[in-house]
Amino acid sequence: MSVVSYEMQGDIGIIWIDNPPVNALSQALRDGIYDAVTAAQDDHSKALLLICRGRTFIAGADISEFGKPLTGRDFNQVLECIEHSAKPIIAAIHGTALGGGLETALACHYRCALPSAMVGLPEVHLGLLPGAGGTQRVPRLIGVEAAIKMITSGAPIKAAAALEAKLIDHMVDGDDLLAGALAYAEQLIANAAPLLRVRDITIDSASFDAAIFDLSRKQLSRQARGQVAPQRIVDCIEAAATMPFDQGLAIEQGHFLDCMASSQSAAMRHIFFAQREASKIKDLPKETSKRHIQSVAIIGGGTMGGGIAMNFANAGIPVTMLEINDQALQRGLAIVDKNYTATVKKGKLSEAKKQCCMDLITGTTNYQDLANVDLVIEAVFENLDIKKQVFAKLDEVCKPGAILATNTSYQDVNAIAAATQRPEDVIGLHFFSPANIMKLLEIVRADKTSDEVIATSMAVAKAIGKVPVLSGVCFGFIGNRMFSQYGREAQLCLIEGASAEQIDRVMENFGMAMGPIAVSDLAGIDIGYKVREAMSDEEKGDPRSYCIADVLVEQGRLGQKTGAGFYKYDPQTRARLNDPEVTALIEAQATKYNITRRAFSDEEIIDRLLLPLVNEGAKILQEGIAQRPSDIDVVYVFGYGFPVYQGGPMHYADHIGLETVYKKLCALQQQSGDDFWQPAELIKNLAENGSSFAHWAHNQN
Ligand code: 3HC
Ligand code: NAI
């Protein structure tokens, strides 16, 4: 089947694009459009319509073809052919005109759209910049400042805003795009509308402040720390504003190709596909049915319960929050109210929408009120006995078919399921803090969880805007199990001689949202302390990895909330400051454990912290806890602030090469004499065969 077809309706030639699922501009599509436009020059049509079948207008270049050799027309050649058509070409937009899709529309002479359409240039999210004139044409239409904002944010805008900004010329009434677009085309023909080419617009130098470019580059170096593409986007828009069109286009092309070849873009494209792959469960039959989730209950209205409730209310799903007593319930509801109020104050939510959400959240202290809910999520204290009691109670009161989920971070979901007579309905739904903001949702499949419950949970995750990843049952599931190894090494580097400041700086320069020591101070050092209190010495692991934290907690230095932890905090600016008292405390602990402190190189810190993530990730794969390496990357990018432009720990390992990873792990094992560093079998095997996690995953499919 051809991806492009042509038909005449009256004196209008219609170029139909049909390349499911999202009409991505593959080589075949580019060639098809070029041929159709060229052929139409010689027929009796007076205008041409470019319109798409399926759910959307062109959603961009075909990302899966990036890096592959060109076998036909290049994109700019196709757009040049459109732009130089002797007959007006009108783009008719529905769904999302994104990236190369919007660029195609901008090369047309006129653009019309359904009111429900969205347009945008999201290339920056793939470590790229628009590579088919987007940085040159958009500022010519909407102005320099607005273009910088739109293209560096990558955020799409609605049709109404696009019309106001002059990115589109006409809004089609109703929902019949073809009829509306044909009527618009007839009107243009009747008016002998000229061939408007965006490239011919000159940007008036008085329309922008020349300082905007440097200012934007500076701002973006903070907002998009470490990322190259946003900087290059500003360079391209500066070229658009100061040079002739073709020169600007050549500059854009050069930067686009550089970005495309960069490791940052490779990592971000990996995450794009990884995120979509993560929602596919390998052994779940396609026809697995899903249950309808129209009401939800949350047990426990603390830090997590409140945030989880907000997710459902935001999606219009009524929530009942159950607490131990009225006082705790009121406290929980008040926290939710406070969170919404803060969002209203930031201008991100209207007072009316806040009220709608609050109206959807009701409280109770009576389990009988949960008799008819479709899904229950337990978020009580992290204590197995309490959780078992809660599940036994839920088993008594909830209707058959209700899904019973736990938000536990570490407890055994099989043990929790065994507290009920219906383990097939029990699952882990592990949200991340703050639960109303963090995108990741680990879906923890216990031994007896039914396929239907898993399929429903994946769908629920999407309905509330989360990124779901399936995990098997183990201590800490995928994310926390790996994170504890990372945290352990941060503490060991500290006691062995690296400073908190160096560790955080190195990891932040790597791209982490926050370094590990600063994260401990933010989360509260007492949290880990309390978890350890319930553990045996064996479970706690190497005492050198928590002795500093223990002393800090015992001194009342719990982190930011007490104004001091590993750092002290400026009471006015809340800036983190080194504290000589902590240095002395660390030195005392080093002496106690016979450690001679020494200087660390930055590279050593990276290896010490990231290689344990990779090694534990490999063990998680060997054990079948995660479905694929890219799922682990999704967990780290969406749940732990791992830089998307590094692609997640497993992609990072593939990038530096598994042979290097293996050698480094062996060297660390030899130097330390600690079997902690023993490479996972999977790494050893892949390294010996010159393979990678990505290749291994491909062969597993
Ligand atoms: N290229 C190749 N495949 C794509 C694609 C693209 N641009 N966009 C989406 N797909 C694939 C997805 O991988 C997925 O495949 P799968 O079913 O096998 O997993 C399928 O299309 C459906 O995608 P989604 O699950 O994301 O569908 P949604 O309906 O949720 O979202 C969308 C649709 C909003 C279009 C979303 O897919 C999206 O944001 N796509 C990317 C848009 C983009 O980044 N465009 C710019 C590309 S770069 C470019 O154009 C460069 C140019 O300037 C030269
Ligand atoms: P929290 O201490 O803030 O809140 C727990 C709430 O549960 C309290 O309000 C308490 O009154 C209520 N509660 C206790 N027993 C109850 C019962 N039997 N019935 C009804 N309510 C009861 O705890 P937090 O931080 O919200 O954690 C809850 C769960 O979420 C834990 O399992 C934790 O491991 C998990 N979790 C916590 C994260 C975090 O960062 N805080 C992140 C991800 C998961």
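Residues numbered from 1 in each chain as written. Chains lettered and ligands numbered in written order. Predicted model: local features only at pLDDT ≥ 70, side-chain atom pairs only at ≥ 80, totals over all residues. Heavy atoms only, no water.

## A word on the overall build of the protein chain
What counts here: Going along the chain from the N terminus, every DSSP run of H or I of four or more residues is numbered as a helix, and every run of E of two or more is numbered as a strand. As defined in this context, the radius of gyration uses C-alpha atoms, and a globule is described by 2.2 Å times the residue total to the power 0.38. Categorising residues by exposure relies on relative accessible area from a 1.4 Å probe, with only protein chains included: less than 20% of the type maximum marks a residue as buried, more than 50% marks it as exposed, and the intermediate range marks it as partly exposed. All accessible-area figures derive from a Shrake-Rupley calculation using a 1.4 Å probe, and residue coverage is judged against the displayed protein chains alone. Asp and Glu count as negative and Lys and Arg as positive, but His and the ends of the chain are not part of the count. Lys charges are placed at NZ, Arg charges at CZ, Asp charges at CG and Glu charges at CD.
Regarding its fold elements, the protein chain presents 30 helices and 19 strands. Compactness check: the protein chain gives a C-alpha radius of gyration of 28 Å against a globular reference of 27 Å for 701 residues, within 12% of the reference. Overall size of the protein chain, expressed as C-alpha extent along the three principal axes, is 85 × 60 × 55 Å. In the protein chain, which comprises 701 residues, the proportion classed as buried is 55%. Only carbon and sulfur atoms are counted for the fraction: they give 52% of the accessible area of the protein chain, which is about 30,300 Å². Counting 65 positive and 84 negative side-chain charges, the protein chain places the centres of these two groups 2 Å from one another.

## A look at the site of ligand 2
Here is the rule we go by: For this description, a residue counts as near a given molecule or strand if any of its non-hydrogen atoms is within 4 Å of it. We call two N or O atoms a polar contact when they sit within 3.5 Å, provided that within protein one can donate a hydrogen and the other can accept it, with sequence-adjacent residues counted only if both atoms are side-chain atoms. Polar here means any residue other than Ala, Val, Leu, Ile, Met, Phe, Trp, Tyr, Cys and Pro, which are nonpolar, and Asp, Glu, Lys and Arg, which are charged; Gly is therefore polar.
Near ligand 2 there are 22 residues, and of these Met 304, Glu 323, Glu 382, Lys 387 and Ser 409 occur at the shortest range. Take Thr 303: an N or O atom from its main chain is 3.0 Å from an oxygen atom of ligand 2. Separating an oxygen atom of ligand 2 from a backbone N or O atom of Met 304 is a distance of 2.8 Å. Looking at the shell around ligand 2, the elements that each hand over two or more residues are α12 (303-314), α15 (384-397) and β15 (426-431). Per-element accounting of the shell around ligand 2 gives the leading share, three residues, to α15. For the shell around ligand 2, a count of residues per class yields ten nonpolar, eight polar and four charged.

## As for the sheet that holds β15
The test is simple: Note on pairing: two strands pair once DSSP finds at least 2 bridges between them. Only the contacting stretch of a helix is used when fitting its axis, a line to C-alpha atoms as for every element, and angles between N-to-C directions run 0 to 180 degrees. Here a residue-residue contact requires only that any non-hydrogen atoms of the pair lie within 4.5 Å.
Taken in spatial order, the eight strands of this open sheet run β12-β11-β10-β13-β14-β15-β16-β17, and their pairing is mixed. Both edges of this open sheet fall to β12 (361-364) and β17 (467-471), since each of them pairs with a single strand only. When the angles between neighbouring strand axes are averaged without regard to direction, this sheet yields 25 degrees. Here α12 sits on the sheet and contacts β10 (296-299), β11 (319-322), β12, β13 (375-378) and β15; the angle it forms with β11, its principal contact strand, is near 170 degrees.

## Some words on the pairing of strand β4 (residues 89-93)
Burial within β4 is extensive, with five of its five residues counted as buried. The alternating pattern of β4 places Ile 89, Ala 91 and Ile 93 and Ile 90 and Ala 92 on opposite faces, both of which are buried. Note: strand β3 (residues 47-52) against β4, four bridges, orientation parallel. Opposite Leu 48, over in β4, you have Ile 89 as the bridge partner.

## A short note on helix α14 (residues 351-360)
Put simply, the rule is: Each C-beta atom gives one direction from the helix axis, and the arc is the one those directions make.
Among the residues of α14, those classed as buried are Lys 354, Cys 357 and Met 358. Considered in projection along α14, the buried side chains sweep an arc of 100 degrees and stay on one side of the axis. α14 presents Ala 352 and Asp 359 as exposed residues on the side facing more than 90 degrees away from its buried surface. In the core, the buried residues of α14 are packed alongside α12, α13 (326-345) and β12.

## Things to note about the pattern of salt bridges
Here is the rule: Salt bridges are defined by distance alone: a side-chain nitrogen of Lys or Arg within 4 Å of a carboxyl oxygen of Asp or Glu.
Overall, the coordinates contain 43 salt bridges when judged by the stated rule. Note that Asp 214 is salt-bridged to Arg 217, the shortest N-O span being 3.1 Å. Taken together, the residues span about one helical turn, with Asp 214 and Arg 217 both in helix α8 (residues 212-223) at a distance of three residues. Residue classification places Asp 214 among the exposed positions, given a relative accessible area of 53%. A cluster of three or more residues bridged by salt bridges with shared partners is formed by Asp 214, Arg 217, Arg 232, Asp 235 and Glu 238.

## Regarding the site of ligand 1
The immediate surroundings of ligand 1 are formed by 26 residues, with Arg 55, Glu 103, Glu 123, Arg 276 and Lys 280 found nearest. In the model, a nitrogen atom of ligand 1 is placed 2.9 Å from a nitrogen or oxygen of the Ile 63 main chain. Gly 131 places a polar main-chain atom, nitrogen or oxygen, 3.0 Å from an oxygen atom of ligand 1. Protein burial of ligand 1: of its 990 Å² of free accessible surface, 73% is covered by the chains.

## Things to note about the domain arrangement of the protein chain
For interface size, the figure often reported is the accessible area lost on association. Inclusion rule: An automatic or database domain assignment provides the domain bounds reported here. Summed over both partners, buried area is the accessible surface (1.4 Å probe) that two parts give up on being assembled.
Taken as a whole, the protein chain is organised into domain 1 (4-260), domain 2 (296-471), domain 3 (479-592) and domain 4 (602-700). Taking both partners together, domain 3 and domain 4 bury about 2,300 Å²; carbon and sulfur atoms supply 65% of that area. Three residues, Arg 481, Met 482 and Phe 510, lead the burial of domain 3 against domain 4; their summed loss comes to 34% of the area buried on that side. At the junction of domain 3 with domain 4, the criterion picks out six salt bridges. If you look at where domain 3 meets domain 4, you find twelve residue pairs in polar contact (both at pLDDT 80 or more). Looking at the side of domain 3 that touches domain 4, the elements that each hand over two or more residues are α18 (477-496) and α19 (500-510). Counting residues per element, the side of domain 3 that touches domain 4 draws most heavily on α18, which supplies 13 residues. Taken together, the residues of the side of domain 3 that touches domain 4 sort by class into 14 nonpolar, six polar and five charged.

## Remarks on the state of the cysteines
How we decide: Cysteine sulfur atoms are paired as a disulfide whenever they fall within 2.5 Å.
Taken as a whole and judged by the stated rule, the model has zero disulfides. The structure places no disulfide on Cys 52, whose sulfur is separated from the nearest cysteine sulfur, that of Cys 108, by 10 Å. Considering cysteine sulfurs only, Cys 108 is the nearest to Cys 112, which forms no disulfide, with 9.9 Å between them.

## So, the side chain of His 651
Along the chain, His 651 falls in helix α27 (residues 649-656). Those residues in contact with His 651 that sit more than four places away from it in its chain are Ala 266, Ala 267, His 270, Asp 633 and Gln 646.

## Focus on the packing of α19 against helix α25 (residues 602-622)
Basically, it comes down to this: Put simply, angles under 35 degrees are roughly parallel, angles over 145 are roughly antiparallel, angles from 65 to 115 are roughly perpendicular, and the rest are oblique.
One way to put it is that α19 packs onto α25 with a least axis distance of 10 Å and a crossing angle of 80 degrees. The orientation of α19 relative to α25 falls into the category roughly perpendicular. Residues Gln 502, Ile 503, Arg 505, Val 506, Met 507 and Phe 510 of α19 pack against Asp 602, Ile 605, Ile 606, Leu 609 and Leu 610 of α25. Of the residues assigned to the contact of α19 with α25, the class counts are eight nonpolar, one polar and two charged.

## Considerations on the pairing of strand β1 (residues 4-9)
Two elements, β1 and strand β2 (residues 12-17), share six bridges in a ladder whose sense is antiparallel. The residue bridging Val 4 from the neighbouring strand is Ile 17, located in β2. In this structure, the hairpin formed by β1 and β2 is closed by a connection of two residues, where Gly 10 is found at a positive phi of approximately 65 degrees.

## Some details on unusual backbone geometry
Of the consecutive residues Pro 20 and Pro 21, the connecting peptide bond is found in the cis state with omega at 0 degrees. Here Pro 21 shows up in the loop between β2 and α1 (27-40). The omega angle of the peptide bond from Ser 433 to Pro 434 is -10 degrees, so this bond is cis rather than trans. With respect to the helices and strands, the residue Pro 434 is situated in the loop between β15 and β16 (440-444). Here Asn 23, not a glycine, exhibits a phi torsion of approximately 55 degrees, which is positive. Here Asn 23 is to be found in the loop between β2 and α1. Positive phi outside glycine occurs at Phe 477, with the angle close to 50 degrees.

## Topic: the sheet that holds strand β9 (residues 170-171)
Taking strand neighbours across the sheet as the criterion, the six strands line up as β1-β2-β3-β4-β6-β9 in an open arrangement whose pairing is mixed. The sheet is open, and its two edges are formed by β1 and β9, each paired on a single side. By the bridge criterion, four bridges tie β4 to strand β6 (residues 110-113) in an arrangement that is parallel. Opposite Ile 93, over in β6, you have Ala 113 as the bridge partner. The sheet strands contacting α1 are β1, β2, β3 and β4, and the helix crosses β1 at an angle near 30 degrees.

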